[in-house]
Amino acid sequence: MDQWIKRLKFAGDWTVAEVMGHLMKDCRMAETLRKRADWILPLPLSPSRLRARGYNQSAWFAKQWCGRDARLKPDWLVKVRETAPQAQTDRATRLTQLQGSMTVDPSHHPDLQGARVLLVDDVMTTGQTLMACAQALQLASPQAIHAVVFARAQSWAPTTPPPHVQPCPLPT
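Enquirer: Whenever I open this one, the nonpolar core confuses me. Can you help?
Expert: Within soluble globular proteins, side chains that are nonpolar tend to cluster in buried spots. With 20 residues, the main nonpolar core has Met24, Ile40, Trp65, Leu118, Val120 and Phe150 as its most contacted residues. Going through the elements one at a time, helix H2 (14-25), helix H5 (57-66), strand E4 (116-124) and strand E5 (144-152) are the ones with two or more residues in this core.

Enquirer: Hey, could you run me through the packing of aromatic side chains in this one?
Expert: Any two aromatic rings considered together are summarised by their centre-to-centre distance and by the angle between their planes. The full count for this structure, using the stated rule, is four aromatic pairs. Ring geometry for Trp39 versus Trp76: centroids 4.6 Å apart, planes at 45 degrees, classification tilted. Here Trp76 lies in the loop between H5 and strand E2 (77-79) and Trp39 lies in strand E1 (residues 39-42), a separation of 37 residues in the sequence. Judged by relative accessible area, which is 19%, Trp39 ranks as buried. You can call Trp76 buried: its relative accessible area is 5%. Each residue in the set Phe61, Trp65 and Phe150 is aromatic and connected to the rest through ring pairs, giving one cluster.

Enquirer: What's the story with the sheet that holds E4 in this structure? I'm lost.
Expert: Within a beta sheet, neighbouring strands are joined by backbone hydrogen bonds and run either parallel or antiparallel to one another. Here three strands make up an open sheet; going across it, the order is E1-E4-E5 and the pairing parallel. Edge positions in the sheet fall to E1 and E5, since each of these pairs with one other strand and no more. Each strand axis lies, on average, 25 degrees off the axis of its neighbour in the sheet, ignoring direction. Where E1 and E4 come together, four bridges link them in parallel fashion. In the strand pairing of E4, Leu41 is matched with Leu119.

Cut-offs and rules
- Residues numbered from 1 in each chain as written.
- Predicted model: local features only at pLDDT ≥ 70, side-chain atom pairs only at ≥ 80, totals over all residues.
- Heavy atoms only, no water.
- Core = buried A, V, L, I, M, F, W, Y, C linked by side-chain atoms within 4.5 Å.
- Buried < 20%, exposed > 50% of the residue type's maximum accessible area, 1.4 Å probe, protein only.
- Helix = DSSP H or I, 4+ residues; strand = E, 2+ residues; numbered from the N terminus.
- Phe/Tyr/Trp six-rings, centres within 6.5 Å; stacked < 30°, edge-to-face > 60°.
- Pairing = 2+ DSSP bridges.
- Axes fitted to C-alpha atoms, helices over the stretch in contact; angles between N-to-C directions.

See the structure below:
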């Protein structure tokens, strides 16, 4: 799994996003959240990281999972402040550096008010990126904010997931 994520994030391997998207279609909980969502928002990259990488791996993954779904909006969430890459920081830095780093394009606040929003990311380590996005979204007053991630980093994860986190088993 680790190699898949690295190939997607750092080598631009589109085929990994395709495989991940197909696997997510087999996850009943993720599919239920996707079907119930009014809007599906991949997590953003900072403009400089997007320019350097040339693509947003979360948006690639979300596109492969959701297809041509008109509810998929890869540009509604915006990262407005540059931060160090999460993979290169310690836990204490990860827990604080993303605060206030995300925003929602104000022109979409009316669309988000009262809506069910689904955040999509490739991997979750501490969950701080998801939290920063959820905090930014709260200003638009959605009804609910849920998140789906393809993988969860083991090095930072608690020994048992919280009761609301139920991983989808990979097919054998």
